[in-house]
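Coordinate analysis (summary)
Listed here are the chains, written in short residue letters.
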Amino acid sequence: MKEQSQDKTTTLSRAERFERWSETVSAILLGLVTIATAWSGYQAARWGGEQSTLYTDALGLMIDSTRAATEANQLTQVDIALFLNYANAYAAGNEELATFYYERFRPEARPAVDAWLATQPRINPEAPPGPFQMPEYRVSLAERAAQLEEEAA
């Protein structure tokens, strides 16, 4: 009977050791889960802030792009109005008035007008209808607007 009682003590001792071991492993796993959860929360907050910053930057670029596109459209409208007055004076043979309008073309528009005039539009039926179809015509603000829109995307 003494042997049986000793075996029972040994068995209980093993069960207690297993229980302690499993509690230790459980505590370690719970600690790791806690650390992983905290790390995930930190990363989510960090990248959420980063995303907000990038979104704000993109929105600012889109606003700048829209502003530049609006100004480019306004400049194009001024170019068109000036060209129509120039073309009317040119067609009427009023050189003084045509010169007056010509001198008021924007520096970016004048090369297109010169290239268009070089096509001899009065006698050349194949000449483009106006300087706006010439590759020389440009509005740098329109190019800037496109660049800003691309950056925002």
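So, a few notes on the structure that sits alongside this text.

Conventions used here
- Residues numbered from 1 in each chain as written.
- Predicted model: local features only at pLDDT ≥ 70, side-chain atom pairs only at ≥ 80, totals over all residues.
- Heavy atoms only, no water.
- Helix = DSSP H or I, 4+ residues; strand = E, 2+ residues; numbered from the N terminus.
- Rg over C-alpha atoms; globule rule 2.2 N^0.38 Å.
- Buried < 20%, exposed > 50% of the residue type's maximum accessible area, 1.4 Å probe, protein only.
- Contact = heavy atoms within 4.5 Å.
- Phe/Tyr/Trp six-rings, centres within 6.5 Å; stacked < 30°, edge-to-face > 60°.
- Salt bridge = Lys/Arg side-chain N within 4 Å of Asp/Glu carboxyl O.
- Core = buried A, V, L, I, M, F, W, Y, C linked by side-chain atoms within 4.5 Å.
- Expected span 1.5 Å × (residues − 1).
- Arc of directions from axis to C-beta.

Counting its secondary structure elements, the protein contains four helices and zero strands. Secondary structure elements in the protein, listed N-terminal to C-terminal, are α-α-α-α. A compact globule built from 153 residues should have a C-alpha radius of gyration of about 15 Å, whereas the protein, at 40 Å, is more than 25% larger. The C-alpha extent of the protein, read off along each of the three principal axes, is 135 × 25 × 15 Å. Buried residues in the protein amount to 20% of all 153 residues. For the protein, the proportion of contacts with a sequence separation of at least 24, taken over those separated by at least 6, is 58%.

This next bit is on the packing of aromatic side chains. Applying the stated rule across the entire model yields nine aromatic pairs. Measuring from centroid to centroid gives 5.6 Å for Tyr86 and Phe105, while their planes differ by 70°, and the two rings are edge-to-face. On the criterion of sequence distance, the pair formed by Tyr86 in helix 1 (residues 2-91) and Phe105 in the loop between helix 2 (95-102) and helix 3 (110-118) is long-range, its members being 19 residues apart. Exposure class is identical for Tyr86 and Phe105. Each is buried. A centroid spacing of 4.9 Å and a plane angle of 80° characterise the contact between Phe132 and Tyr137, whose relative ring orientation is edge-to-face.

Once that is clear, we can look at unusual backbone geometry. The phi dihedral of Gln120 is positive, around 55°, even though this residue is not glycine. Along the chain, Gln120 turns up in the loop between helix 3 and helix 4 (140-152). A relative accessible area of 46% means that Gln120 is categorised as partly exposed.

Next up on the list: the pattern of salt bridges. What the rule picks out here adds up to five salt bridges. Two residues, Asp64 and Arg67, come together in a salt bridge whose shortest N-O distance is 3.2 Å. With Asp64 and Arg67 both in helix 1 and three residues apart, the pair spans about one turn of that helix. The closest approach of N and O atoms between Glu108 and Arg138, which form a salt bridge, is 3.5 Å. Of this pair, Glu108 sits in the loop between helix 2 and helix 3 while Arg138 sits in the loop between helix 3 and helix 4, and the two are 30 residues apart along the sequence.

Take the nonpolar core next. Phe83, Tyr86, Tyr101, Phe105, Met134 and Tyr137 are the most contacted members of the largest nonpolar core, which totals 17 residues. Those elements that provide at least two residues to this core are helix 1, helix 2 and helix 3. Take this core: its biggest share by element is six residues, from helix 1. Ignoring sequence-local partners within four residues, the contact set of Met134 consists of Ala112, Ala115, Trp116, Thr119 and Pro128.

Across its 13 residues, helix 4 extends 18 Å between first and last C-alpha, which sits within 8% of the 18 Å expected from 1.5 Å per residue. Within helix 4, burial applies to Ala145, Leu148 and Ala152. Buried residues of helix 4, viewed axially, fall in a sector of 65°; they line one side.

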